[in-house]
Amino acid sequence: MSKQLVLAISSSPSPTSKTARVADYVLQRISEPTLMTRHIRLRDMDPEALISAKSSHVSVARTVTAIEQADGVVITTPIFKASYSGLLKIFLDLLPQFALAGKAVLPVATGGSVAHLLALDYSLRPVLQSMGARHIVQSLFVPESEMQVVDEQLRIGEQTDAMLNEAIHHFKCSVGATTEDRFLGHPRPVRNA
Ligand SMILES: Cc1cc2nc3c(=O)[nH]c(=O)nc-3n(C[C@H](O)[C@H](O)[C@H](O)COP(=O)(O)O)c2cc1C
């Protein structure tokens, strides 16, 4: 049986992004012999291609292909002004309408205020749903105050880490439940693929 692919997308413009560290942390926890993992940092994509919505540009086309091939996608974002990042919005707008068809999705945010954890569910989740996601598991919010970087290693506070483990378990079950029929009831970009 071929290995399943889990992709993490991180969407902070910061070169020292805490969100990107959380994405790596999640992928490390997800890692097992039956899964391949990959992290795509949107800030590394060609900025001109992103801003001009050039979906034919190699940098965009490669990322779209990676998403097509993924069985599960971890979408991570910092919360900016009570919503998901503008970089993530630009990227999602570039994708085909049903780019997430058949996939399990785990939304994760980092932010300064837990008062904004709702942003994941009221602003991001409906967009992911409309892109055909098969199953969007419980969103996870990692408060800045719960993160520490020690010797280049991310440490997450005990309580949030326990919630992260639960979300990861839920997500892995959903990825593992993928069957030949995973597109049933969901539109997908190419019906005869
Ligand atoms: C311009 C700006 C706006 C922000 N707005 C919010 C906000 O509305 N709610 C919140 O909880 N955190 C907010 N934050 C805090 C970030 O979400 C937090 O620092 C996050 O962990 C940054 O992730 P990054 O290091 O990956 O960019 C904001 C930060 C910046 C720079």
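Residues numbered from 1 in each chain as written. Predicted model: local features only at pLDDT ≥ 70, side-chain atom pairs only at ≥ 80, totals over all residues. Heavy atoms only, no water.

1. Here we look at the nonpolar core
Quick note on the threshold: By nonpolar core we mean a set of buried residues, namely Ala, Val, Leu, Ile, Met, Phe, Trp, Tyr and Cys, connected to one another through side-chain atoms within 4.5 Å. Note on exposure labels: buried denotes an accessible area under 20% of the residue type's maximum, exposed denotes more than 50%, and partly exposed covers the range between, all computed with a 1.4 Å probe on protein chains only. In this text, helices come from DSSP runs of H or I with a minimum length of four residues, and strands from runs of E with a minimum of two, each type numbered from the N-terminal end. Note on contacts: a residue pair is in contact if any heavy atoms of the two residues lie within 4.5 Å.
If you look at the biggest cluster of nonpolar residues, it comprises 35 residues, and the most contacted ones within it are Ile9, Leu42, Phe91, Leu95, Leu100 and Leu124. Looking at which element gives the most residues to this core, the answer is helix H4 (residues 86–94), with 5 residues. Residues contacting leucine 124, with those up to four places away along its chain left out, are Ile75, Tyr84, Leu88, Leu92, Pro107 and Ala119. In terms of nonpolar packing, the next biggest core, distinct from the first, is built from 24 residues, Val6, Ala23, Val137 and Leu164 among them.

2. A look at the site of the ligand
As a reminder of what qualifies: Put simply, a residue is near a molecule or strand once any heavy atom of it comes within 4 Å of that molecule or strand. N or O atoms closer than or at 3.5 Å make up a polar contact, with two conditions inside protein: a donor-capable atom paired with an acceptor-capable one, and, for residues adjacent in sequence, both atoms drawn from side chains. Method for areas: the Shrake-Rupley scheme with a 1.4 Å probe, in which residue coverage is limited to the protein chains shown.
Contacts to the ligand come from 16 residues, most closely from Ser12, Ser17, Thr19, Ile79 and Glu144. One of the side-chain N or O atoms of serine 12 is found 2.6 Å from an oxygen atom in the ligand. At 2.8 Å, a backbone N or O of serine 113 approaches an oxygen atom of the ligand. Contact with the protein chains covers 72% of the free accessible surface of the ligand, which is 650 Å².

3. Things to note about the UniProt feature "domain: NADPH-dependent FMN reductase-like" (unreviewed entry) in the protein chain
As a reminder of what qualifies: UniProt positions are given in the numbering used here, feature names are shortened, and annotations may be inferred rather than shown by experiment.
UniProt's feature table lists "domain: NADPH-dependent FMN reductase-like" (unreviewed entry) at residues 6–142, given in the numbering used throughout. Taken end to end, residues 6–142 has its terminal C-alpha atoms 20 Å apart, with 38% of it in helix and 23% in strand.

4. Focus: the pairing of strand S7 (residues 147–150)
Filter applied, for reference: Any two strands between which DSSP finds at least two bridges are classified as paired.
Bridge analysis of S7 against strand S8 (residues 153–156) gives 4 bridges, and the strand direction is antiparallel. Its bridge partner being in S8, valine 150 is matched across the sheet by glutamine 153. Counting the residues in the hairpin turn of S7 and S8 gives 2 residues, including aspartate 151, whose phi is positive at 50°.

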